[in-house]
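The lines below spell out each chain.
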Amino acid sequence: MNETLNWPRIRHLLKLGVFASLTVLARDMLLGWGVSDPSVTEVPTLFTRYLTVSDGRIFASALLGLVGIPVECLCWFAVYRMIKPFSEQDAHAYRAGIIGCLAFGGCGVHVPCCMAVYLLKRFYAGNPSAALQETGRFIGWFLLPATVIFLIFFLLTAAVQIKAFAKGHTPLPKRCWVFSVLFGLPFAAMMKLIGDFGLTNALATGWISIGNLWMMSGLLLVSRRLGE
């Protein structure tokens, strides 16, 4: 089976995925770094930390995500290459998930998220009492539909990957199912439990990037031994 696997290409994609994860994590931290302000009553406390994010940080976050998210998703083809020789069905489903995340992740979800933060700041500066309503209208019309579609593809990709590894549909040990992008969810929950600090909020914002970094790094380390 090793003859049908291009290990140099797989490891190259995994390495690139590690780099892309760090780039996208920087994007998330730029946007998410801040602490809540309980004195603000017109906006939910959860969102008040975005009122102090500078326009430069919003723009930089949008740009890094616009470039980094597609690269991050494309690197998932390293996993696709490992699944395909063992299960065509899982490989096709995984590829469909990648394509959906590519289509909706950057331009469809992340950039509008940055736009929502920008609009929240502007609406709050002009009319604090109407800021939440106006921003909510933008989110409902333009951000929410794309986010729902993205999450469908994202969860499909994650579920297929866990299934493929757990059933031995890859050349790596079955225990490698733990190297999932969903690792970011418990990590974010742990950050929230630590408290309302700039660093913890920023890391929690980047839960997908943290999960992807865990996934790519873990698979790279294991594949180095099997791909020589």
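Everything discussed here concerns the structure shown above.
Residues numbered from 1 in each chain as written. Predicted model: local features only at pLDDT ≥ 70, side-chain atom pairs only at ≥ 80, totals over all residues. Heavy atoms only, no water.

## Re the overall build of the protein
Next, step 1: Check the secondary structure of the protein and you find 9 helices and 0 strands.
Next, step 2: Taking 228 residues into account, the globule formula puts the C-alpha radius of gyration at 17 Å, and the protein, at 19 Å, falls close to it.
Next, step 3: Overall, the protein is about 65 × 35 × 25 Å in size when its C-alpha atoms are taken along their principal axes.
Next, step 4: Here the protein holds 228 residues, and 46% of them are scored as buried.
Next, step 5: The contacts of the protein with a sequence gap of at least 6 include a subset with a gap of at least 24, amounting to 78%.
Next, step 6: For the protein, the accessible area works out to roughly 11,000 Å², and carbon and sulfur atoms hold 70% of it.
Next, step 7: Taking the 19 positively charged and 11 negatively charged side chains of the protein as two groups, their mean positions are separated by 9 Å. (Helix = DSSP H or I, 4+ residues; strand = E, 2+ residues; numbered from the N terminus. Rg over C-alpha atoms; globule rule 2.2 N^0.38 Å. Buried < 20%, exposed > 50% of the residue type's maximum accessible area, 1.4 Å probe, protein only. Contact = heavy atoms within 4.5 Å. Areas by Shrake-Rupley, 256 points an atom, 1.4 Å probe, with all protein chains shown as cover. Lys, Arg positive; Asp, Glu negative; His and termini not counted. Charge placed at Lys NZ, Arg CZ, Asp CG, Glu CD.)

## Some points on the packing of aromatic side chains
Next, step 1: Per the stated rule, a full pass over the model turns up 9 aromatic pairs.
Next, step 2: Here the aromatic rings of phenylalanine 104 and phenylalanine 153 are separated by 6.3 Å at their centres, their planes lie at 15°, and the arrangement is stacked. One end of the pair, phenylalanine 104, is in helix H5 (residues 88–126); the other, phenylalanine 153, is in helix H6 (residues 128–166), with 49 residues separating them in the sequence.
Next, step 3: Accessibility expressed as a relative area gives 24% for phenylalanine 153, which makes it partly exposed.
Next, step 4: One aromatic cluster in this structure is built from Phe179, Phe183, Phe187 and Trp214. (Phe/Tyr/Trp six-rings, centres within 6.5 Å; stacked < 30°, edge-to-face > 60°.)

## Focus: the pattern of salt bridges
Next, step 1: One pass over the full model with this rule turns up 6 salt bridges.
Next, step 2: Among the ionic pairs, lysine 163 bridges to aspartate 90, the shortest N-O distance being 3.2 Å. Taken together, the positions of lysine 163 in helix H6 and aspartate 90 in helix H5 put the pair 73 residues apart, joining distant regions of the chain.
Next, step 3: Its relative accessible area of 33% is what places lysine 163 among the partly exposed residues.
Next, step 4: Look at aspartate 90 and you get buried, because its relative accessible area is 3%.
Next, step 5: When the shortest N-O distance is used, the salt bridge between arginine 137 and glutamate 134 registers 3.0 Å. (Salt bridge = Lys/Arg side-chain N within 4 Å of Asp/Glu carboxyl O.)

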